[in-house]
Amino acid sequence: MTRFQLTLFVVTSFATLVAEGAIAADYHLKSLHIDQAFMRATPPGAQVAGAFLTIENRGKDADRLVGASSPVAGQVEIHEMAMDGGVMKMRAVKEVDLPPGAKVQLRPGGYHVMLQSLKQPLKAGDAMPLTLTFEKAGSIDIKVQVEAMGAGMHSR
């Protein structure tokens, strides 16, 4: 390997690590660990989007996700998708329980944060602000990475 190739390899590897670190941001609020936050890009004119993430309660006491907000949406709710008589249905829920030691995934097809009345399109590569509110731990501001349409839950 030439000196140029080695330098290019090191620079490229470092850039990849930095980019992955930006995408794979994780957050801590008291005993809660939040990571893998993403949402999908939206087509022009879309009015809704879902935000997905993982919340781990590393503490000894239960907590609950009780709300969310974002300046990019007129309304933000916690939703759950579930099968009901062979039909997938979505409904707003007041909270998501976070038992001690539990790792809860808000993911496509399950619990998620629903952003409604979007004020702007969500473009792949952007990061959108989202505030999560917990019953006991309080609130935390996070950045949610916008991925391509059809993106799935990260496998980490």
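As the structure is a prediction and not an experimental result, all values here were calculated from the model.

This part covers the layout of surface pockets. In this structure, the largest pocket encloses a volume near 200 Å³. As for the largest pocket, its lining consists of 17 residues, and the residues nearest its centre are Arg 40, Val 48, Ala 49, Gly 50 and Phe 52. Elements supplying a minimum of two residues to the lining of the largest pocket: β3 (48-57) and β9 (111-118). Looking at which element gives the most residues to the lining of the largest pocket, the answer is β3, with four residues. Along the lines of polarity and charge, the residues of the lining of the largest pocket split into eleven nonpolar, five polar and one charged.

Taken as a whole and assessed by the stated rule, the structure comprises six salt bridges. The salt bridge partner of Arg 58 is Glu 56, with a shortest N-O separation of 3.3 Å. Asp 84 is the partner of Lys 89 in a salt bridge, and the nearest nitrogen-oxygen pair spans 3.4 Å. Lys 89 sits in the partly exposed class, given a relative accessible area of 44%. Linked by salt bridges that have partners in common, Arg 64, Glu 95, Asp 97 and Glu 135 make up one network.

The next subject is the pairing of strand β10 (residues 127-134). Side chains Met 128, Leu 130, Leu 132 and Phe 134 of β10 all project onto a buried face; the interleaved residues Ala 127, Pro 129, Thr 131 and Thr 133 project onto a face where none is buried. Two elements, strand β4 (residues 63-69) and β10, share four bridges in a ladder whose sense is antiparallel. Each residue of the ladder has a partner; that of Leu 65, found in β10, is Phe 134. Of the pairings in the sheet, the one linking β10 to strand β11 (residues 138-147) comprises eight bridges and is antiparallel in character. Of the residues in β11, the one forming a bridge with Leu 130 is Ile 142. Taking the residues that link successive antiparallel strands as the turn, the β10-β11 hairpin has three residues.

A word on the side chain of Asn 57. Tracing the backbone through its elements, the reader meets Asn 57 in strand β3. Overall, the relative accessible area of 1% leaves Asn 57 in the buried class. Separated by 3.3 Å, the side chains of Asn 57 and Ser 31 make a polar contact. Here Leu 98 takes part through its backbone oxygen, which lies 2.8 Å from a polar atom of the side chain of Asn 57. Each residue touching Asn 57, except ones within four places of it in the same chain, is listed here: Ser 31, Leu 32, Ala 62, Asp 63, Leu 98, Pro 99, Pro 100, Gly 101 and Ala 102.

Rules and cut-offs
- Residues numbered from 1 in each chain as written.
- Predicted model: local features only at pLDDT ≥ 70, side-chain atom pairs only at ≥ 80, totals over all residues.
- Heavy atoms only, no water.
- 1 Å grid on protein atoms, 1.4 Å probe; cavity = no way out; pocket = protein on both sides within 12 Å on 5 of 7 lines; lining within 4 Å.
- Points joined across faces, edges and corners; volume = space filled by probe spheres on them.
- Helix = DSSP H or I, 4+ residues; strand = E, 2+ residues; numbered from the N terminus.
- Nonpolar A, V, L, I, M, F, W, Y, C, P; charged D, E, K, R; others polar.
- Salt bridge = Lys/Arg side-chain N within 4 Å of Asp/Glu carboxyl O.
- Buried < 20%, exposed > 50% of the residue type's maximum accessible area, 1.4 Å probe, protein only.
- Pairing = 2+ DSSP bridges.
- Polar contact = N/O pair within 3.5 Å; in protein donor to acceptor, adjacent residues only side chain to side chain.
- Contact = heavy atoms within 4.5 Å.

Everything listed here is a matter of coordinates, which is why it stays silent on function.
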